[in-house]
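# Descriptive structure summary
One-letter residues, chain by chain:
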Amino acid sequence: MKKIIIRSIIYVISILIALEAIVRVFHLAKDSPTRFIDEFKVEKWVPNQEGYSVTGNRRQNFSKFHINNLGFNSYREFIPTKDKVEIALVGDSFIEGFHQNYDNSIGKKIENNLNNQVEVYEYGYAGYDFADQLHLIHAYKKQFDLIDKVFIYLKYEEDLDRGEYKVNYERMRLESPLNKNLKKIKLLVYAQNIGALDPIKKTINKIVVALKNKDSNNSNNNGNKIVKENLDQIRIDNFASLVNKYKYDKSKFILFFEGNVTSKIFIEYLKENKFKYIDISNSFNKSKKTTTLIYDQHWNNLGRDIVAQLLTNAFKK
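What this report covers is the structure whose coordinates are included nearby.

Cut-offs used in this document
- Residues numbered from 1 in each chain as written.
- Predicted model: local features only at pLDDT ≥ 70, side-chain atom pairs only at ≥ 80, totals over all residues.
- Heavy atoms only, no water.
- Helix = DSSP H or I, 4+ residues; strand = E, 2+ residues; numbered from the N terminus.
- Contact = heavy atoms within 4.5 Å.
- Areas by Shrake-Rupley, 256 points an atom, 1.4 Å probe, with all protein chains shown as cover.
- Buried < 20%, exposed > 50% of the residue type's maximum accessible area, 1.4 Å probe, protein only.
- Pairing = 2+ DSSP bridges.
- Phe/Tyr/Trp six-rings, centres within 6.5 Å; stacked < 30°, edge-to-face > 60°.
- Lys NZ or Arg CZ within 6 Å of the ring centre and 35° of its normal.
- Lys, Arg positive; Asp, Glu negative; His and termini not counted.
- Salt bridge = Lys/Arg side-chain N within 4 Å of Asp/Glu carboxyl O.
- Core = buried A, V, L, I, M, F, W, Y, C linked by side-chain atoms within 4.5 Å.
- Axes fitted to C-alpha atoms, helices over the stretch in contact; angles between N-to-C directions.

### Observations concerning the overall build of the protein
- On a plain count of helices and strands, the protein comes out with 15 helices and 9 strands.
- Expressed as a percentage of contacts within the protein between residues at least 6 apart in sequence, the contacts between residues at least 24 apart total 69%.
- Accessible area of the protein: about 18,100 Å², with a carbon and sulfur share of 55%.

Structure representation (structure tokens):
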């Protein structure tokens, strides 16, 4: 019996080692760059990292990323001057572009559209909301003062839930020593990416929810009903608070978003207050081919082509 147990343990360990080797050799698991908060309280990636972003259980999307000296995924460094013409793209993971090779990004496509007469800087970072974006522009004011046009990507249903900027220390927990060591186990990363660990996570979440106080839950539910009834106004108030605090430049900044998932009330507010914006959903709807990845709502290459062309047209005007 003792020998059977020992042999079983050896077999299990051998299988795990073999699987770990397969995942590494065929690069089935994504590389996770390290994040940090700089002296301006801007959360971004540690500069000068490279790796591969992998999505899907059969490596359905495989692309290379390159973190530049400033801490953003880009094939170029951000060095604006008075003598050159520069465009900045500011946003979340859609602008960060880990789903596409860093040298075939939206920014690169815009540069190609403009015959390489401009430089495009992509200040994209997964998880950024509107508060993060305006804080970033304010923190790097010296750079942005030299940049000629700034396009800000906005997701209405996610990016306007707060009216002031605070560092998201919750996200920085991903850089704890424990998480960093777990990321080194590529088999574990792969299992998480394909959802193999989801049942365990759901079980843990159910236990946590069950342990919460019922009265507290009832109170939160009532609060949620109130929030939903006034959600548009709350988001508009948050937007107004941020643009006022950071002195939003209406002549230089242009918002772009998918209008089909953006409140009509908010769009009317933008019109009334003369904020420039681009609704990219109309061009997406006209496309005969899908503009997003099949396993993900991020834009595919066609979607990025469309966005790049719309921003190019707006810049020319």
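What follows continues from the structure just given.
### A closer look at the pairing of strand E7 (residues 149–153)
- Counting buried residues along E7, 5 of its 5 residues qualify, which places the element largely inside the surrounding structure.
- Burial of the side chains of E7 extends over both faces: Lys149, Phe151 and Tyr153 are buried on one face and Val150 and Ile152 on the other.
- One ladder, built from 4 bridges, connects strand E5 (residues 86–91) with E7; its direction is parallel. Considered in E7, the bridge of Ile87 is made with Lys149.
- Direction of pairing for E7 relative to strand E8 (residues 253–257): parallel, over a ladder of 4 bridges. Looking at E8, one finds that Val150 is bridged to Phe253.

### Digging into the packing of aromatic side chains
- Taken as a whole, this structure holds 25 aromatic pairs when the rule is applied.
- When the ring of Phe65 is compared with that of Phe98, the centres are 4.8 Å apart and the planes differ by 20°; the resulting orientation is stacked. Taken as a pair, Phe65 in strand E4 (residues 61–66) and Phe98 in the loop between helix H2 (93–96) and helix H3 (106–113) lie far apart in primary sequence, 33 residues in all. Side by side, Phe65 and Phe98 carry an identical accessibility label, which is buried.
- Taking 5.1 Å as the distance between ring centres and 75° as the angle between the ring planes, the aromatic pair formed by Phe239 and Phe275 counts as edge-to-face. With a gap of 36 residues between them, Phe239 in helix H12 (residues 231–245) and Phe275 in the loop between helix H13 (264–272) and strand E9 (277–279) connect regions that are remote in the sequence. A single burial state applies to Phe239 and to Phe275, both of which are buried.
- Cation over ring: Arg235 sits above Tyr156, and NZ or CZ is 5.0 Å from the ring centre.
- Over the ring of Phe275 we find Lys250; its NZ or CZ atom is 4.4 Å from the centre of that ring.

### Things to note about the side chain of Arg304
- Turning to its location among the elements, Arg304 is positioned in helix H15 (residues 301–316).
- Buried charge without a partner: Arg304 forms no salt bridge, and the closest opposite charge is Glu122, 6.4 Å away.

### Let's talk about the nonpolar core
- Core analysis: the biggest nonpolar cluster contains 45 residues, and Tyr123, Phe130, Ile152 and Phe239 have the highest contact counts within it.
- Among the elements that line this core, the one with the most residues is helix H4 (residues 130–139), at 6 residues.
- Grouped together as the second largest cluster of nonpolar side chains are 22 residues, Phe94, Leu114, Val118 and Phe256 included.

### Remarks on the environment of Pro47
- Note that Pro47 resides in the loop between strand E2 (43–45) and strand E3 (50–55).
- Considering only alpha carbons, one finds Pro47 and Asn69, 22 residues apart in sequence, at a separation of 4.9 Å.
- Beyond its immediate stretch of four places on either side in the chain, Pro47 contacts Phe36, Ile67, Asn68, Asn69, Leu70 and Gly71.

### Concerning the pairing of E5
- For E5, a buried count of 6 out of 6 residues is recorded, marking the element as mostly surrounded by other parts of the structure.
- Side-chain alternation along E5 places Glu86, Ala88 and Val90 on one buried face and Ile87, Leu89 and Gly91 on a second face that is also buried.
- One ladder, built from 6 bridges, connects E5 with strand E6 (residues 119–124); its direction is parallel. Across the sheet, residue Gly91 finds its bridge partner in E6, namely Gly124.

### Concerning the sheet that holds E7
- Sheet architecture is open: 5 strands sit in the order E6-E5-E7-E8-E9, paired in parallel fashion. Edge positions in the sheet fall to E6 and E9, since each has one partner strand and no second. Neighbour-to-neighbour, the strand axes of this sheet turn through a mean angle of 20°, independent of strand direction.
- In this structure, E8 lies alongside E9, joined through 3 bridges in parallel fashion. If you follow Leu255 over to E9, its bridge partner there is Tyr277.

### Description of unusual backbone geometry
- In this structure, Asn48 takes a positive phi of about 60° despite not being glycine.
- Residue position: Asn48 is located in the loop between E2 and E3.
- Residue Lys274 is not a glycine yet carries a positive backbone phi of 60°.
- Residue position: Lys274 is located in the loop between H13 and E9.

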